[in-house]
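Each chain is listed here by its residues.
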Amino acid sequence: MTALQSLLADPATAGVWNLVPARSSVRFRNKTLWGLVPVNGEFTDVSGDGQITAKGAVFGRVDVRAASVETGIKKRDEHLCSPDFFDADAHPEISVVVTDVTPTGEGTADLRTELTVRGITRPVPLSATIEHAGDGTVRISTQTTVDRTAFGVSGNMAGMMPTTTTLIADLRSEERRVGKECLR
């Protein structure tokens, strides 16, 4: 049995887990100018929670405020928040909902998720590394490439940007406690 399978099978780990925003990141990587210039960005306002049941089922959600995008260039960040891209005024939240976790190896798993951007929801299967740290936190790291146009994120000025974007998440969560007892 892998450490991840042990984590999911241990009734002591059942409970609600909250994302620790200060220790988590959701980033993206893209290329502009016909693939010559890399653009890296991060969403600075991320929240979420998850639950492990006593039987090892996993459910979770990560919410990202679209307007929290930062690329290091304010004018570009404003454009990314506009209707050309995220349309942050009309669609302030980007979300990922995890509906299933299947261990695939020592510390790895396939996640069944649904990504919602601009009000459009699509399934996005993810391969992830999952680590139960000694400090009681769980770390989930994943990376995938999505077709942004499938979510209504166009903004392709004269073919300067490819339709795909790489998403990178490094999330840490800790068990929510009330007093000395964990919610179960």
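Description of the structure in this document. (Residues numbered from 1 in each chain as written. Predicted model: local features only at pLDDT ≥ 70, side-chain atom pairs only at ≥ 80, totals over all residues. Heavy atoms only, no water.)

1. Topic: the pairing of strand β1 (residues 15-19)
A regular strand places its side chains so that they alternate between the two faces of the sheet. A large share of β1 lies buried, amounting to four of its five residues. Direction of pairing for β1 relative to strand β12 (residues 164-175): antiparallel, over a ladder of three bridges. Of the residues in β12, the one forming a bridge with N18 is E174. (Buried < 20%, exposed > 50% of the residue type's maximum accessible area, 1.4 Å probe, protein only. Helix = DSSP H or I, 4+ residues; strand = E, 2+ residues; numbered from the N terminus. Pairing = 2+ DSSP bridges.)

2. Quick look at the pattern of salt bridges
One pass over the structure, following the stated rule, counts five salt bridges. Among the ionic pairs, D170 bridges to R139, the shortest N-O distance being 2.7 Å. A residue pair is termed long-range when its members are at least 10 positions apart, and D170 in strand β12 and R139 in strand β11 (residues 137-147) qualify at 31 residues. With a relative accessible area of 26%, R139 lands in the partly exposed category. (Salt bridge = Lys/Arg side-chain N within 4 Å of Asp/Glu carboxyl O.)

3. As for the packing of aromatic side chains
Each aromatic ring pair is summarised here by two numbers: the centre-to-centre distance and the angle between the ring planes. Per the counting criterion, the structure on display carries two aromatic pairs. Both rings, one in F28 and one in F43, keep their centres 5.7 Å apart while their planes meet at 50°; by these two values the pair is tilted. Placement of F28 in strand β2 (residues 25-32) and of F43 in strand β3 (residues 37-43) is noted, with a sequence separation of 15 residues between them. The exposure class assigned to F28 is buried, which follows from its relative accessible area of 9%. On the basis of an interplanar angle of 70° and a centroid distance of 5.6 Å, the ring pair of F43 and F86 is categorised as edge-to-face. Separated by 43 residues along the polypeptide, F43 in strand β3 and F86 in the loop between α2 (74-81) and β7 (93-105) bring together distant segments of the chain. On the basis of relative accessibility, which here comes to 6%, the residue F43 falls in the buried class. Given a relative accessible area of 13%, F86 falls into the buried group. (Phe/Tyr/Trp six-rings, centres within 6.5 Å; stacked < 30°, edge-to-face > 60°.)

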